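Here is what each chain is made of, one letter per residue.
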Amino acid sequence: MSRLNEANVALAHEIIARYPKPKSALIPLLHLAQEQDGWVTDEAMAHLAELVGVTPAEVKGTCTFYEMFKLHPTGRYMVNICTNIACQVLGAEDLLHHAEETLGIRPGGTTDDGMFTLEDVECIAACTEAPCLQVNYRFGLRLSIDDFDEMIADLRERGRSDHLITANPGEPIPSHGTLGLSRQHLTEERTAGIVAPELVTEAPVWLTFEPKQEEGA
Amino acid sequence: MATGEYVPHAPGYVDTDDPKIVTSRFGYEDSYTLDRYLATGGYEGLKAALGRTSEACHNITREATVLGRGGAGFPAGIKWGFCPPDVWPRYLVVNGDESEPGTYKDRLLMERDPHQLIEGCLIACYSIGLTQCFLYVRGEMAVAQQRLADALNEAYEAGYVGKNILGTDFSVDIVLHWGAGAYIVGEETALIESLEGNRGMPRLKPPFFPAAVGLYGQPTIVNNVETLANLPWLMSNGAEAYKQYGSETSPGTRMFAVSGHVKRPGVYEVEQGVTTYEDLLYGDKYCQGIRDGHELKMFIPGGGSAPWLFPEHVSLPLEARPVGAAGTMLGSGAIVVMDDSTDAVKACLRVVRFFARESCGKCAPCREGTSWEEKILQRILDGNGRPEDLDLLLDIGDNISPGPYPVASDESQGLEAVPFPPRQTTICPLGPSSVAPIVSALRRFRHEFEAKIATPVELGLRGPNAPSEAEETGLRGPNAPSEAEETGLRGPNAPSEAEEVAS
Ligand SMILES: Cc1cc2nc3c(=O)[nH]c(=O)nc-3n(C[C@H](O)[C@H](O)[C@H](O)COP(=O)(O)O)c2cc1C
Ligand code: SF4
Ligand code: FES
C-alpha cells in the first residue's frame, strides 16, 4: 500500500537515470517516499530496493543513518529549533522551552491533533539570526516568543506564515516530507550523457582540442 | 545598494564598501534568476574560460592560490593537480553540506546566487576534465534546493550546462543531489559514501585521497561551495586582479559569519589576511562591538571544531597560518562571540554534545569518548561532578587525540600556545574536534568547573537522585531512551557510560 504510486515511480526512474550507478539515487528516492507518505514505510523501502537493485536491508541501513528520515508518522509540520552554541547564547533554550509549553510536547513528540512535531536540532546555518528554527525546513529567524505563537497560529489557520521564509513570497509550507517545490529535469536533447564509469576510458575531448567558441551561442 | 545595511532578502548578510567577489549580487531581490545573473556579468567567466585552453584555466587557479573555503584551506589549484593523469572519468562533488556550528555562508551563496555556483562548477570541470558534477546540498536546505533546481533547469535550457556548452566541445552534466541530515557527511570521504547511497561514514585516508580514488573508485574533486563561487570572477578578472585583495599567502576575500553577543551579528565578505578579528568584531562597518554592558569573554574563531580564543587574541589576522600557530583554526569562517554572561561549562557542554550526537560511530575512541565527555560535562553542570572528573575529561580527550592538544596561549598563567592541528587516533577529525572546547575551557576557566563541583547540592534541589537539569527544563523526558540508544550506538542493556567511566 505504501509503495511508490505510479507518478512517483516515473519520477524515481528519472532520478535514477541521473546517476552513473543506481544506488546513488537512494537518498533522493527515500525523500520521494517520505514526500508521498509523510514518513518512510517498510513497504516503500522494499520498493526502492527493487528500483535500485539492492536488498531492503541495505535501504534500511542507509535510511536509518540520516536524521531527516522518519520511520513513524510525524506531525504535518516539523518544528526544528536550533539550540546549538550561537543560538544557545541568545536564548534558544527559552524558545524551545516555550515551544514545549505551548505545544504540550517534548522534543520528538507530536501534538494530539497531528499538526506539530517538535525537535531540538543542531546548527541549521542561520547562526547570525539567532534564535532560529525551521518548519518543514523553511527558516524562521530572530524569533521572539510572540513571533513563535503567531507562527503557530498562522500555520494552523492558513498553512503558511510571514515568519517563515519560502523560495517565492507567499508560497505555502508543504506538509512534512516535501522539500524544494521544484525538481531538476534533465532532457534527452540537452544532457551530456550519463554513463557508468566503466564505459568511460578516455580523456574528455575538450582537454585535447584547442578551444573553439562559436558565434552567437 | 546602500552599504552597512541589513539586506532583508539575504537575511544576515551585511553589505559594506569592501571589495566583493562572491556576494556582489546579494543586494538584488531577484539575484537568483538567470535574467539578473546575465545582466550583472553572469557566465562571462565561463566564456573567458572557454576562450582559453583548460590547462590555462587550471594555471590561473593555481597562480591565484584559491584556498579551499570548506575548512582545511587547501589550495584548489594544487588539489586539482592530484588527479592521476590517465584515469577516466573524473568527477566533481560540490560540498554544500554546511553544518559546522556557527557556519552560515554556503547557504546564502546557494539561495542568493545559484548561477554563480553553477558557473564555478563548470569552470572547474572544464579546467581539469571532470565530466559529471554532483551538487550535494544539505538536506535541511529546502529553499537552496529549490533555487538550485530552478537555476539548473534554466541554465540547461539556455545552453550553459549539458551537451556542447555554448557551442563548444565542452559537455558536462550537473546533477542536484541532496542529503538527509548528518553533519559527518560534510567530511569529504563520507560525502562520497553518502553519494554512493550508503551510510555516510568516512573512509580511511591515506592511502587514498578522493582526488585519486573517490566516487565509484574514480578520481574525484571535492570542493566547497564558496571555493567554487570564486571561479567566475577569477576567470573574468585574472589571477593578478584576484591577488590584489587579501594578503600574499591568503589572497582574495572570504565570507565570515559572526554570531553571538555582538551588536550587529552578520555575514560579511572581507579581505582575508589583512582584516583582523578585532576589525570584524569591533569595526564600525562590521559588528560594532560587544553588546552594551558586557565584555568579551571568549570566541570560537573558525567553527565548533576550533579551539577557542580570548580577548588578547583579537589582533590576529583572518588568515590560516597565524591562526593555526596561535593554537586554533580559521576553519569554516564561523566566529561565535561569547560575552561575560556566558557559562563556560555550559558552552563547552553544548559544543561537545554536538559531536557526541554527530559521531558516526565507526571508531571507538570517538563513538565512546564523545558520549562520555558529554555525560561527564552534564553531571558537572548539574552539580553532580566529582573532583576527578576534570582529569578524566582530559584523559578521554587524550585517547581521541594524543599529545598536547592545540590550544591558545594564556599570558596570565604564562602558558604558550600549542599549534594546530591535533593528532588523532580516529579515522576522521570529528572525534578530535570534540576535545577542542574541553581543553580550551578547562585551561582558561578551570575555576568555573571546580566551583560547580565544589558546590554539589544547592538547597536540596540537587543531589544524586534529583532530576537532571535537562529533565527539569524538559529537554528530555526521564524515560526517554538515551540518544545513544536511539541512534543504535549502544544497546538498552549496556552499562551507562557514567558507570563505565566511574569504574
Ligand atoms: C567532520 C567534518 C565536517 C566537514 N563539513 C564540511 C562542510 O559541511 N562543508 C565543507 O565544505 N567542508 C566540510 N568539511 C571539509 C571537507 O572534508 C573538505 O575538506 C572540503 O569540502 C574541501 O573543499 P575545499 O578544499 O574547497 O575547502 C568537513 C570536514 C570534516 C572533517
Ligand atoms: S572520528 Fe568519529 S565521526 Fe570520524 S569516522 Fe570515527 S567515529 Fe566517525
Ligand atoms: S547555531 Fe543555531 S543556526 Fe547555527
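Coordinates for the structure precede this section.
So, how was this worked out
- Residues numbered from 1 in each chain as written.
- Chains lettered and ligands numbered in written order.
- Predicted model: local features only at pLDDT ≥ 70, side-chain atom pairs only at ≥ 80, totals over all residues.
- Heavy atoms only, no water.
- Helix = DSSP H or I, 4+ residues; strand = E, 2+ residues; numbered from the N terminus.
- Rg over C-alpha atoms; globule rule 2.2 N^0.38 Å.
- Buried < 20%, exposed > 50% of the residue type's maximum accessible area, 1.4 Å probe, protein only.
- Areas by Shrake-Rupley, 256 points an atom, 1.4 Å probe, with all protein chains shown as cover.
- Lys, Arg positive; Asp, Glu negative; His and termini not counted.
- Charge placed at Lys NZ, Arg CZ, Asp CG, Glu CD.
- Near = heavy atom within 4 Å.
- Nonpolar A, V, L, I, M, F, W, Y, C, P; charged D, E, K, R; others polar.
- Pairing = 2+ DSSP bridges.
- Axes fitted to C-alpha atoms, helices over the stretch in contact; angles between N-to-C directions.
- Contact = heavy atoms within 4.5 Å.
- Buried area = accessible area lost by both parts, 1.4 Å probe.
- Salt bridge = Lys/Arg side-chain N within 4 Å of Asp/Glu carboxyl O.
- Polar contact = N/O pair within 3.5 Å; in protein donor to acceptor, adjacent residues only side chain to side chain.
- Core = buried A, V, L, I, M, F, W, Y, C linked by side-chain atoms within 4.5 Å.
- Parallel < 35°, antiparallel > 145°, perpendicular 65-115°, else oblique.
- Left-handed = near helix turned anticlockwise from the far one by under 90°.

Caption draft 1: The overall build of chain A, seen in detail. Within chain A, the secondary structure is distributed over 8 helices and 5 strands. Since a compact globule built from 217 residues should have a radius of gyration of about 17 Å, the 21 Å found for chain A marks it as more spread out than a globular shape. Judged by the C-alpha coordinates and their principal axes, chain A covers about 65 × 45 × 30 Å. Split into buried and exposed, the 217 residues of chain A put 56% on the buried side. Just so you have it, chain A exposes about 9,200 Å², and 51% of that area is on carbon and sulfur atoms. Between the averaged position of the 16 positive side-chain charges in chain A and that of its 34 negative side-chain charges there is a distance of 4 Å.

Caption draft 2: Highlighting the site of ligand 2. In the vicinity of ligand 2 there are 13 residues, among which C360, K362, C363, C366 and C428 of chain B approach most closely. The class makeup of the residues in the shell around ligand 2 is 8 nonpolar, 4 polar and 1 charged.

Caption draft 3: Structural view of the sheet that holds strand 5 (residues 253–260) of chain B. Residue and element names in this part refer to chain B. Across the sheet, which stays open at both edges, the 4 strands sit in the order 6-5-8-7 with mixed pairing between neighbours. The sheet terminates laterally at strand 6 (266–271) and strand 7 (296–300), the two strands that pair on one side only. Between one strand axis and the next, the sheet turns through 25 degrees on average, direction left out of account. The pairing of strand 5 with strand 6 spans 6 bridges and is classified as antiparallel.

Caption draft 4: Region of interest: the interface of chain B and chain A. Opposite the 106 residues of chain B that make contact, chain A presents 83 residues. Carbon and sulfur atoms supply 56% of the area buried between chain B and chain A, which totals about 7,500 Å² over both sides. Across the contact surface, chain B and chain A share 5 salt bridges. Across the contact surface, chain B and chain A share 40 residue pairs in polar contact (both at pLDDT 80 or more). Of all the elements, helix 7 (residues 142–157) of chain B adds the most residues to the side of chain B that touches chain A, at 10 residues.

Caption draft 5: How the structure looks around the nonpolar core. One finds L122, F170, L280 and I335 of chain B to be the most contacted residues of the largest nonpolar core, which totals 189 residues. Here F170 of chain B is in contact with W206 of chain A together with L46, L50, L122, C125, Y126, G162, K163, N164 and I165 of chain B, once residues within four sequence places are set aside. Counting residues in each nonpolar core, the second largest holds 20 residues, with V79, I81, M115 and L133 of chain A among its members.

Caption draft 6: Representation of the site of ligand 1 within the structure. Residues and elements named next belong to chain B. Of all residues adjacent to ligand 1, which total 18 residues, the nearest are G70, N95, N223, N224 and T227. Within the backbone of R69, an N or O atom sits 3.3 Å from an oxygen atom of ligand 1. The separation between an oxygen atom of ligand 1 and a polar side-chain atom of N223 is 2.9 Å. The protein chains hide 89% of the 610 Å² of surface that ligand 1 would expose on its own. Looking at the shell around ligand 1, the element that brings in the most residues is strand 4 (residues 220–224), giving 3 residues. When grouped by side-chain class, the residues that make up the shell around ligand 1 number 4 nonpolar, 8 polar and 6 charged.

Caption draft 7: Region of the structure containing the packing of helix 6 (residues 114–128) of chain B against helix 7 of chain B. Residues and elements named next belong to chain B. Taken N-terminus to C-terminus, the directions of helix 6 and helix 7 make an angle of 60 degrees; their axes are 9 Å apart at the nearest point. Taken together, helix 6 and helix 7 sit at an angle that is classed as oblique. Judged by the sense of rotation from one axis to the other, the crossing of helix 6 with helix 7 is right-handed. Residues P114, H115, L117 and I118 of helix 6 form the contact with helix 7, whose own contacting residues are R147, L148, A151, L152, E154 and A155. Among the residues forming the contact of helix 6 with helix 7, the class breakdown is 7 nonpolar, 1 polar and 2 charged.

Caption draft 8: The arrangement of the environment of V352 of chain B in detail. Residue and element names in this part refer to chain B. When you line up the elements, V352 lands in helix 13 (residues 344–358). The exposure class assigned to V352 is buried, which follows from its relative accessible area of 0%. Each C-alpha atom of the pair V352 and S250 lies 31 Å from the other, and the pair is 102 residues apart in sequence. With near-sequence residues (within four places) excluded, V352 lies in contact with T370, E373, E374, L377, S434, P437 and I438.

Caption draft 9: Molecular detail of the sheet that holds strand 3 (residues 173–178) of chain B. Residue and element names in this part refer to chain B. Read across the open sheet, the 4 strands follow the order 3-2-1-4; overall the sheet is parallel. Both outer strands of the open sheet, strand 3 and strand 4, are each paired with one neighbouring strand and no more. Recorded for the sheet is a direction-independent mean angle of 20 degrees between the axes of neighbouring strands. As paired strands, strand 1 (residues 90–96) and strand 2 (residues 130–137) are joined by 7 bridges and run parallel to one another. Looking across to strand 2, one finds that N95 is bridged to Y136.

Any functional reading would require information beyond the geometric quantities listed.
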